[in-house]
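# Breakdown of the fold
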Amino acid sequence: ERPVLGMGAGGYSGYVRDTKQGEGRPYDEFVRAGHGHGHNAVLHAWACGGLIGLGLTGLVLLGVGRSCVANLSRDELGTYGAGPAFALLGMVFLVPFDAIQANATTGKVLLALVALCPAWMPTRVK
C-alpha cells in the first residue's frame, strides 16, 4: 500500500482531508471543489505510488517516448505521420499542471496517442 513513502492508490485526497494540509484558502478550495488528485503528474505519482510508483511511471514514459520516435525518419518530420509523436510531446507540457494518470479526460487522450505510436510496423512484402 505504501511502497517507500507513498499513500497508496486513491489516498491523496483522504490524506489532505485527514491532515488538513494547507489550512486556509487552498485547503478550503480543495475540499469545496472535490479534488481527488494533485495537479502535477510527477508529484501525484510520488504521493500515491511512492518512489517505486514514481520509478515505474518514469519507465513507462521512457518506453512511450522511445516508441513514438522509433519509426520516424528525418523525412517524415513534416508529415501527418509525425503528428502523434508531436502531440505526445505536447502532453509532456501538461505534466506540471495536471495529473494525467488520475484525470480520465487527459488520460484517454494520452492512451489514444500511445496507440497511434506503435514501436514496430510491419513491412510490405513485394
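What this report covers is the structure whose coordinates are included nearby. Note that the coordinates shown come from a computational prediction; the quantities given were computed from them, not determined experimentally. Counting from 1, residues in each chain are numbered in the order their sequence is written. Local features in this predicted model are restricted to residues whose pLDDT is 70 or higher, and side-chain atom pairs enter the listing and the counts only when it is 80 or higher, whereas totals over whole chains, interfaces and linings include all residues. Think of the side-chain values as coming from all heavy atoms in the structure, minus any hydrogens and water.

## Here's the deal with the overall build of the chain
Only runs of H or I of at least four residues qualify as helices and only runs of E of at least two qualify as strands under DSSP, and these elements are numbered from the N terminus. Secondary structure assignment for the chain yields five helices and zero strands. When its helices and strands are written in sequence order, the chain yields α-α-α-α-α. By definition in these notes, contact holds between two residues if any of their heavy atoms fall within 4.5 Å. Counting only contacts in the chain whose residues sit at least 6 apart along the sequence, the fraction spanning at least 24 positions is 60%. To measure how exposed things are, a 1.4 Å probe is used in the Shrake-Rupley method; for residues, cover is taken only from the protein chains shown. Carbon and sulfur atoms form 66% of the exposed surface of the chain, whose accessible area is close to 8900 Å².

## Considering the side chain of Asn 40
As for its position among the elements, Asn 40 is in the loop between helix 2 (25-33) and helix 3 (41-70). Pairs of N or O atoms within 3.5 Å make up the polar contacts considered here, provided that, within protein, one atom can donate a hydrogen while the other can accept it, and that residues adjacent in sequence are counted only when both atoms are side-chain atoms. Among the polar contacts made by the side chain of Asn 40, one reaches the main-chain amide nitrogen of Leu 43 at a distance of 3.2 Å. Those residues in contact with Asn 40 that lie beyond four places of it in its chain are Val 95, Pro 96, Asp 98 and Ala 99.

## A word on the environment of Thr 57
Relative to the assigned elements, Thr 57 resides in helix 3. Among the residues examined, Thr 57 registers a relative accessible area of 31% and is labelled partly exposed. Burial status follows relative accessibility: with a 1.4 Å probe on protein chains alone, a residue under 20% of its type maximum counts as buried, one over 50% as exposed, and anything between as partly exposed.

## Here we look at a nonpolar patch on the surface
Exposure above 30% relative accessible area and the absence of a salt bridge qualify a residue for a patch, where like charges join within 9 Å and nonpolar side chains (Val, Leu, Ile, Met, Phe, Trp, Tyr) within 5 Å. Salt-bridge detection follows one rule: a side-chain nitrogen of Lys or Arg within 4 Å of a carboxyl oxygen of Asp or Glu. Residues Leu 77, Phe 86, Leu 89, Val 92 and Phe 93 make up a contiguous nonpolar surface patch of about 510 Å² in total accessible area. Tracing the sequence through the fold places Leu 77 in the loop between helix 3 and helix 4 (83-92). Classification of Leu 77 as partly exposed rests on a relative accessible area of 43%.

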